[in-house]
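Letter by letter, the chains look like this.
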Amino acid sequence: MRRILARAHADVLAQLAWANVLVALDFDGTLAPIVDDRDRAAMRPSTRALLAGVCALYPCAVISGRSRADVEARLGGVPVRYIVGNHGVEPSVGMERFEEVVRAMRERLEAAVGGIQGVEIEDKRFSLAVHFRRSRSATRARQAIEAAVSALPMKTRVIAGKRVVNVLPEGAPHKGIALEALQALSGADIALYVGDDVTDEDVFESERPGRLIGVRVGRRASSAASYYIDDQRQIDALLARLEGLRSTQAVASARRAST
Ligand SMILES: [Mg+2]
């Protein structure tokens, strides 16, 4: 993994500024710091301003595990062109077919673990998030949730998070598929994707030179991402670099046009 903001790799972002690129970002842990209470997750004002600047210069996407409406409300009016929720499902072609199976999953999980202290099932229509942040015994809660999920009669895709177990119907598109669809939709030759979590590895694993560049928030040897930024605070520096590079490019081409 290479540090994308290092001087030695400055050409990577500089080349992107000249390319037909889609800038795509995860929300929690990437644009917004991770907080204990997920309902309070928000971008720093500096990040919000920088994202607005980048959105004015590049087509941008936010791809989150939250429901689409939830993440949209947290963007504070920044005109992000594409917003995808539910880990890549919302929107996607034929997503309606997952609604019924998610409802059935919720009913069964409510019956199995809904009564456990501190366990809360969030119904995001196309996926479920079973939270146990408020549980006094996290280990016991997680075990009970995992047992209930594996007892479900329908096939699922389970993504373990921090004090949450995400349950998706089998066959639901993941973030990598969502980004590919956005690239096709936007006609972008290349995408830059920034994310911090397990579900972002679905994007990083589909990295191809000249087509997709992955940046992980936090260096981790096991990640499939080629690049990293040190921590969530550095998202500001990354966005500022993108903004600065394309502004410079605009100045340069304006100069060329006038001579
Ligand atoms: Mg994240």
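Above: the structure in question.
**Focus on the packing of helix H2 (residues 45-57) against helix H8 (residues 235-258)**
Where H2 meets H8, the closest approach of the two axes is 9 Å, and the angle between their N-to-C directions is 30°. With respect to each other, H2 and H8 are oriented roughly parallel. As for how H2 packs across H8, the hand of that crossing is left-handed. Of the residues in H8, those touching H2 at Ser46, Thr47, Leu50, Leu51, Gly53, Val54 and Leu57 are Ile235, Asp236, Leu239, Ala240, Leu242, Glu243 and Arg246.

**Some details on the sheet that holds strand S10 (residues 212-217)**
Sheet architecture is open: seven strands sit in the order S1-S11-S10-S9-S2-S3-S4, paired in parallel fashion. Strand pairing shows two members of the sheet lacking a second neighbour, strand S1 (2-3) and strand S4 (82-84), which therefore form its edges. Examined bridge by bridge, strand S2 (residues 21-25) and strand S3 (residues 60-63) share three bridges and lie parallel to one another. Bridge pairing links Leu25 to Val62 in S3.

**Observations regarding the sheet that holds strand S8 (residues 164-169)**
Two pairing modes exist for strands in a sheet, parallel and antiparallel, and in both the strands are linked by backbone hydrogen bonds. Strand order in the open sheet formed by four strands is S5-S6-S8-S7, and the pairing between neighbours is antiparallel. Two strands close off the open sheet at either side, each with one partner strand: strand S5 (120-123) and strand S7 (156-161). On average, each strand axis in the sheet is inclined to that of its neighbour by 20°, with strand direction left out of account. Relative to S8, S7 is paired through six bridges, and the arrangement is antiparallel.

**Concerning the pairing of S10**
In terms of burial, S10 is a largely internal element, six of the six residues being buried. Here five bridges tie strand S9 (residues 190-195) to S10, and the two strands are oriented parallel to one another. When the sheet's bridge partners are listed, Tyr193 is paired in S10 with Gly214. In this structure, S10 lies alongside strand S11 (residues 227-229), joined through three bridges in parallel fashion. Within the sheet, the bridge partner assigned to Val217 lies in S11 and is Ile229.

**With respect to the pairing of S3**
On a regular strand, each side chain points to the face opposite its neighbour's, so the side chains alternate between the two faces of the sheet. Neither face of S3 is left uncovered, since the one carrying Cys60 and Val62 and the one carrying Ala61 and Ile63 both have all their residues buried. Handedness of the β-α-β unit built from S2, H2 and S3 comes out right-handed. Sheet analysis places S3 next to S4, joined by three bridges and oriented parallel. Considered in S4, the bridge of Val62 is made with Ile83. Running through helix H3 (residues 68-73), the crossover from S3 to the neighbouring parallel element S4 is right-handed.

**Notes on the nonpolar core**
Membership of the largest hydrophobic core comes to 48 residues, with the highest contact counts inside it found for Val23, Ala24, Leu192 and Val215. If you tally residues by element for this core, the top one is S2, at five residues. Sequence-distant contacts of Val23, defined by excluding residues within four places in its chain, comprise Val54, Tyr58, Cys60, Leu192 and Leu242. Grouped together as the second largest cluster of nonpolar side chains are 20 residues, Val89, Met105, Val113 and Phe132 included.

**Comments concerning unusual backbone geometry**
The omega angle of the peptide bond from Glu90 to Pro91 is 5°, so this bond is cis rather than trans. With respect to the secondary-structure elements, Pro91 resides in the loop between S4 and helix H4 (97-113). Positive phi outside glycine occurs at His87, with the angle close to 60°. With respect to the helices and strands, the residue His87 is situated in the loop between S4 and H4. Residue His87 is classed as buried on the basis of its C-beta count, with 26 C-beta atoms lying within 10 Å.

Analysis parameters
Residues numbered from 1 in each chain as written. Predicted model: local features only at pLDDT ≥ 70, side-chain atom pairs only at ≥ 80, totals over all residues. Axes fitted to C-alpha atoms, helices over the stretch in contact; angles between N-to-C directions. Helix = DSSP H or I, 4+ residues; strand = E, 2+ residues; numbered from the N terminus. Parallel < 35°, antiparallel > 145°, perpendicular 65-115°, else oblique. Left-handed = near helix turned anticlockwise from the far one by under 90°. Contact = placed C-beta atoms within 7 Å. Pairing = 2+ DSSP bridges. Buried ≥ 20, exposed ≤ 12 C-beta atoms within 10 Å, placed from the backbone. Right-handed = clockwise from strand over helix to strand, strands pointing away. Core = buried A, V, L, I, M, F, W, Y, C linked by C-beta atoms within 7 Å.

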